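Below, each chain spelled out in residue letters.
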Amino acid sequence: MAKKSKQLRAALEKIDSTKAYSVEEAVALAKETNFAKFDATVEVAYNLNIDVKKADQQIRGAMVLPNGTGKTQRVLVFARGAKAEEAKAAGADFVGEEDLVEKINGGWLDFDVVVATPDMMALVGRLGRVLGPRNLMPNPKTGTVTMDVAKAVEESKGGKITYRADRAGNVQAIIGKVSFDADKLVENFKAFHDVVVKAKPATAKGTYMTNVTITTTQGVGIKVDPSSF
């Protein structure tokens, strides 16, 4: 624990908490100050001046990062017949119907993404209490309720991320791993930033982005200047 505290202090000494860095500087610092012994995940967090209680100010969606996330997603698909076969051919890790509902209700949760064909949603709805709080419920807005299950599986495997503003207006997303080249992390960061900018509700007042931070697993938050993009 003492060693970790020493590493944390060393990281904090390299970061000026009063300064907002350019995206390139922030990415470089995130890589430099990472002290995790594994390939840490790099995340970006936005605090947005929005009121998510208003229907027209909710921000939610999905996108495929240009350089992927560095994480292999385990994809579960609810489908039957030809669509089930399509999902398997596209590389889905688990495909099924009632059998998967029973398994999940029994406590099994070894998957990262859930995809479903529209006709399966009545069945999947029975898992709302389990999947909902974990942000795993299939949704048309994130492309996980679809007849094109092959595309959904391939995108999820190829670096697709989902994002959603919480009650406080915070939006978080993975943009890669510490092992990524800095330019690839910057490219992923900018791609996600563009999505957040375009998602600004027309009714949102004042400064839209009040805080932008990049961090690594166990690492220190580094403020980013949005105008540097």
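It should be noted that the structure appears before, not after, this text.
Calculation notes
- Residues numbered from 1 in each chain as written.
- Predicted model: local features only at pLDDT ≥ 70, side-chain atom pairs only at ≥ 80, totals over all residues.
- Heavy atoms only, no water.
- Axes fitted to C-alpha atoms, helices over the stretch in contact; angles between N-to-C directions.
- Helix = DSSP H or I, 4+ residues; strand = E, 2+ residues; numbered from the N terminus.
- Parallel < 35°, antiparallel > 145°, perpendicular 65-115°, else oblique.
- Left-handed = near helix turned anticlockwise from the far one by under 90°.
- Contact = heavy atoms within 4.5 Å.
- Nonpolar A, V, L, I, M, F, W, Y, C, P; charged D, E, K, R; others polar.
- Salt bridge = Lys/Arg side-chain N within 4 Å of Asp/Glu carboxyl O.
- Buried < 20%, exposed > 50% of the residue type's maximum accessible area, 1.4 Å probe, protein only.
- Phe/Tyr/Trp six-rings, centres within 6.5 Å; stacked < 30°, edge-to-face > 60°.
- Lys NZ or Arg CZ within 6 Å of the ring centre and 35° of its normal.

## With respect to the packing of helix α2 (residues 23–33) against helix α8 (residues 182–198)
Remark: α2 packs on α8, axes separated minimally by 10 Å, with the N-to-C direction vectors making an angle of 125 degrees. On the basis of the axis angle, α2 is oblique to α8. Remark: the crossing between α2 and α8 carries right-handed chirality. Residue-level contacts link Val23, Glu24, Val27 and Lys31 of α2 to Ala182, Leu185, Val186, Phe189 and Lys190 of α8. Among the residues making up the contact of α2 with α8, the classes are represented as six nonpolar, no polar and three charged.

## So, the pattern of salt bridges
Applying the stated criterion across every chain yields a total of 11 salt bridges. For Lys14, the salt bridge goes to Glu32, with nearest N and O atoms at 3.5 Å. Of the two residues, Lys14 sits in helix α1 (residues 2–14) while Glu32 sits in helix α2, which places them 18 residues apart along the sequence. Judged by relative accessible area, Glu32 falls into the partly exposed class, the value being 48%. For Glu155, the salt bridge is made with Lys160, and the minimal N-O distance between the two is 3.7 Å. Among the ionic contacts, a cluster of salt bridges with common partners joins Lys71, Arg74 and Asp112.

## Quick notes on the packing of helix α3 (residues 81–89) against helix α7 (residues 149–157)
Relative orientation of the contacting elements α3 and α7 amounts to 25 degrees, with a least axis distance of 8 Å. Looking at the two axes, α3 sits roughly parallel to α7. As for the relative orientation of α3 and α7, their crossing is right-handed in sense. Contact residues: Lys83, Glu86 and Ala87 in α3; Val149, Ala150 and Val153 in α7. Of the residues in the contact of α3 with α7, the class split is four nonpolar, no polar and two charged.

## Describing the packing of aromatic side chains
The geometry of two aromatic rings is summed up by the distance between their centres and the angle between their planes. A complete count under the given rule lists four aromatic pairs for this structure. Pairing Phe94 with Trp108 gives two aromatic rings, centres 4.8 Å apart and planes at 85 degrees, and the pair type is edge-to-face. With Phe94 in strand β4 (residues 94–96) and Trp108 in the loop between α4 (98–105) and β5 (113–116), this pair connects stretches of sequence that are 14 residues apart. On the basis of relative accessibility, which here comes to 25%, the residue Phe94 falls in the partly exposed class. Among the aromatic residues, those joined into a ring-pair cluster are Tyr46, Tyr163 and Phe192. Lying over the aromatic face of Trp108, Lys103 brings its terminal NZ or CZ to 4.2 Å of the ring centre.

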